[in-house]
Amino acid sequence: MLSQSSPFPNGAIVGTLLLAGFVVAFGMGVLLYRRWMRREDGDASGQTPWTLQQLRELRDAGEITIPEFERLKAAMLGSASSRVKPAQPPVAPNEGRSKSGD
């Protein structure tokens, strides 16, 4: 019989396909993990689930206690202030320049 020698033995092809499958599966896992982490971060510091008026109504209806209301209000205001970029004060035209006559 004539034996045909292949440049890639069957074992190498199978190994390469397995390695490619592991790389793809790992990449999918990383993408899913990153999506999950972004969702978790978004829930914690992103948009607040209530308005201040809704918190007041919950407090007035007795569904939350006054300390709970204060804690939620502080968290809501803190997350809102962290999302707002502080304004830079305007710079006067001559501010920061040294006078050459002095």
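The text that follows walks through the structure, step by step, so that each part is easy to find. This is a predicted model, so every value here is computed, not measured.

1. Here's the deal with the overall build of the chain
Along the backbone of the chain there are three helices and zero strands. Its helices and strands in sequence order give the chain the pattern α-α-α, from N to C terminus. In the chain, which comprises 102 residues, the proportion classed as buried is 7%. In the form shown here, the chain has an accessible surface area of approximately 9,500 Å², with 61% of it arising from carbon and sulfur atoms.

2. What to know about the packing of aromatic side chains
Counted according to the given criterion, the structure contains one aromatic pair. Between the aromatic rings of Y33 and W36, the centroid separation amounts to 5.9 Å while the plane-to-plane angle is 40 degrees, which identifies the pairing as tilted. Remark: W36 and Y33 occur in helix α1 (residues 10–45); sequence separation between them is three residues, near one turn of the helix. Its guanidinium or amino end placed over the ring of F69, R59 lies 4.3 Å from that ring's centre, counting from NZ or CZ.

3. Observations regarding the pattern of salt bridges
All told, the structure shown has two salt bridges when counted by the stated rule. Among the salt bridges present, the one from R59 reaches D60, with a minimum N-O distance of 3.2 Å. Taking the relative accessible area as the measure of exposure, D60 reaches 60% and is therefore exposed.

4. Section: the nonpolar core
In summary, soluble globular proteins display a tendency toward joint burial of nonpolar side chains. In this structure, L55, I64, F69, L72 and M76 together form the largest nonpolar core, which totals five residues. Looking at this core element by element, the count peaks at three residues for helix α3 (residues 66–83). Beyond its immediate sequence surroundings of up to four residues, I64 is in contact with L55, L58, R59, F69 and L72.

Reading the values: the criteria
Residues numbered from 1 in each chain as written. Predicted model: local features only at pLDDT ≥ 70, side-chain atom pairs only at ≥ 80, totals over all residues. Heavy atoms only, no water. Helix = DSSP H or I, 4+ residues; strand = E, 2+ residues; numbered from the N terminus. Buried < 20%, exposed > 50% of the residue type's maximum accessible area, 1.4 Å probe, protein only. Areas by Shrake-Rupley, 256 points an atom, 1.4 Å probe, with all protein chains shown as cover. Phe/Tyr/Trp six-rings, centres within 6.5 Å; stacked < 30°, edge-to-face > 60°. Lys NZ or Arg CZ within 6 Å of the ring centre and 35° of its normal. Salt bridge = Lys/Arg side-chain N within 4 Å of Asp/Glu carboxyl O. Core = buried A, V, L, I, M, F, W, Y, C linked by side-chain atoms within 4.5 Å. Contact = heavy atoms within 4.5 Å.

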